[in-house]
Amino acid sequence: TSSTVTCRICFCDVPPHEAAAAPCKHFFCNMCYRDYLTMKCSEGPAVVFTTCPEHKCSTLVPPELWSRFLYKNESTVAAVGSEAGTGAMTTKQAQGKDKAMAMAAAAEEEEGPTEQEYASYRSRYSQMIVQQFVNSNSQMRWCPGPGCNKIIQAGDGVANVKCGPGGCGCAFCFRCGEEAHAPTAC
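Cut-offs and rules
For every chain, the first residue of its written sequence is number 1, and the numbers climb from 1 along that sequence. Totals for whole chains, interfaces and linings use all residues, but because this is a predicted model, local features are given only for residues with pLDDT of at least 70 and pairs of side-chain atoms are given and counted only at 80 or more. As a rule here, side-chain values come from all non-hydrogen atoms in the structure, and water together with hydrogens is ignored. Among the buried residues, those of types Ala, Val, Leu, Ile, Met, Phe, Trp, Tyr and Cys that are joined through side-chain atoms within 4.5 Å form a nonpolar core. Burial classification: accessible surface area is computed with a 1.4 Å probe over protein chains only, and a residue below 20% of its type maximum counts as buried, one above 50% as exposed, and the rest as partly exposed. Only DSSP runs of H or I with at least four residues qualify as helices, and only runs of E with at least two residues qualify as strands; both kinds are numbered from the N terminus onward. Whether two residues are in contact is decided by their heavy atoms, any of which lying within 4.5 Å being enough. Side-chain rings of Phe, Tyr and Trp, where Trp is taken by its six-membered ring, are said to pair if the distance between their centres is within 6.5 Å; with planes under 30 degrees apart they count as stacked, over 60 as edge-to-face, and otherwise as tilted. Here a salt bridge means any side-chain nitrogen of Lys or Arg lying within 4 Å of a carboxyl oxygen belonging to Asp or Glu.

> Is there a simple way to think about the nonpolar core in this case?
Side chains that are nonpolar tend, in soluble globular proteins, to be buried together. Y33, L37, L65 and W66 are the most contacted members of the largest nonpolar core, which has 25 residues in total. Going through the elements one at a time, β3 (19-21), β4 (27-29), α1 (30-40), α2 (63-69) and α5 (115-135) are the ones with two or more residues in this core. Not counting residues up to four positions away in its chain, the partners in contact with Y33 are A20, A21, A22, F28, C52, P53, V61, L65 and F69. Core analysis: the second largest hydrophobic core is formed by eight residues, C148, I152, A154 and F172 among them.

Encoded structure:
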């Protein structure tokens, strides 16, 4: 029916608000899309070129979907916690709250990654975006100094550079990334 969408991974019928699609309109349930994107986070810099899970679809997953699925849904916690500031509760209310908290905990177990895992996925995804940007920009390079994670920017024709200020002080050839060697060619 038109009130449900069929996930193209698990083939479950879900309400439209429990599914997602990239601009290509291939729909997948939220759980399958979340699992797909969190798995992609482990694939390195290529994660920024992640495409729709549909076989042979070349549509890139837009940033809005990454944001949507790399954050834990707090709705069950918010619903349970909404009574917390209302003052005294009756025994029946307390039992109802205990049941709601147990249901929320069970739902949380079924829903997948913890908030710490989501934070790790977000961090990895952000790092890969920066890494891909630097690697694809001819006027930027990572400092090759041991343990240094600074990005050096230099204009066309610049050969030797030094990591700083606040960097490790490593002097290197911007063209090849090796130890500074001008006027010798790379």
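> How should I be thinking about the packing of aromatic side chains in this particular structure?
How two aromatic rings sit relative to each other is set out by the distance from centre to centre and by the angle between their planes. One pass over the structure, following the stated rule, counts five aromatic pairs. Summarising the aromatic geometry, the rings of F28 and Y33 are spaced 5.6 Å apart at their centres and angled 85° between planes, so their arrangement reads as edge-to-face. The class for F28 is buried, based on a relative accessible area of 1%. Geometrically, the ring pair formed by Y33 and F69 is stacked, given 5.6 Å between the ring centres and 5° between the ring planes. With Y33 in helix α1 and F69 in helix α2, this residue pair connects regions lying 36 residues apart in the sequence. Taken together, F28, Y33, Y36 and F69 form an aromatic cluster joined through their ring pairs.

> Help me out: how do you make sense of unusual backbone geometry in this one?
Of all residues except glycine, most have a negative phi; of all peptide bonds, most are trans. Residue P165 is reached from G164 by a cis peptide bond, and omega for that bond is -15°. Tracing the sequence through the fold places P165 in the loop between β7 (160-162) and β8 (171-173). Here the residue pair A182 and P183 is connected by a cis peptide bond, since its omega of 10° sits within 30 degrees of zero. Non-glycine residue F11 carries a positive phi angle of around 65°. Inspection of the secondary structure assignment puts F11 in the loop between β1 (5-6) and β2 (13-14). The phi dihedral of K56 falls on the positive side, at around 65°, and the residue is not glycine. You can see K56 is positioned in the loop between α1 and α2.

> Whenever I open this one, the environment of N30 confuses me. Can you help?
In this structure, N30 sits in helix α1. Separated by 38 residues in sequence, N30 and R68 have C-alpha atoms that sit 9.5 Å apart. Among all residues touching N30, those that are not within four sequence positions of it are H17, E18, A19, A20, R68 and F69.

> Sorry if this is basic, but what is going on with the pattern of salt bridges here?
Proximity of charged atoms lets side chains of opposite charge pair with each other. Scanning the entire structure with this criterion turns up four salt bridges. Its salt-bridge partner being R34, residue D35 comes within 2.8 Å of it at the nearest N-O pair. Accessibility expressed as a relative area gives 40% for D35, which makes it partly exposed. One salt bridge connects K40 with E43, and the closest N-O pair in it is separated by 3.2 Å. For E43, a relative accessible area of 41% corresponds to the partly exposed category.

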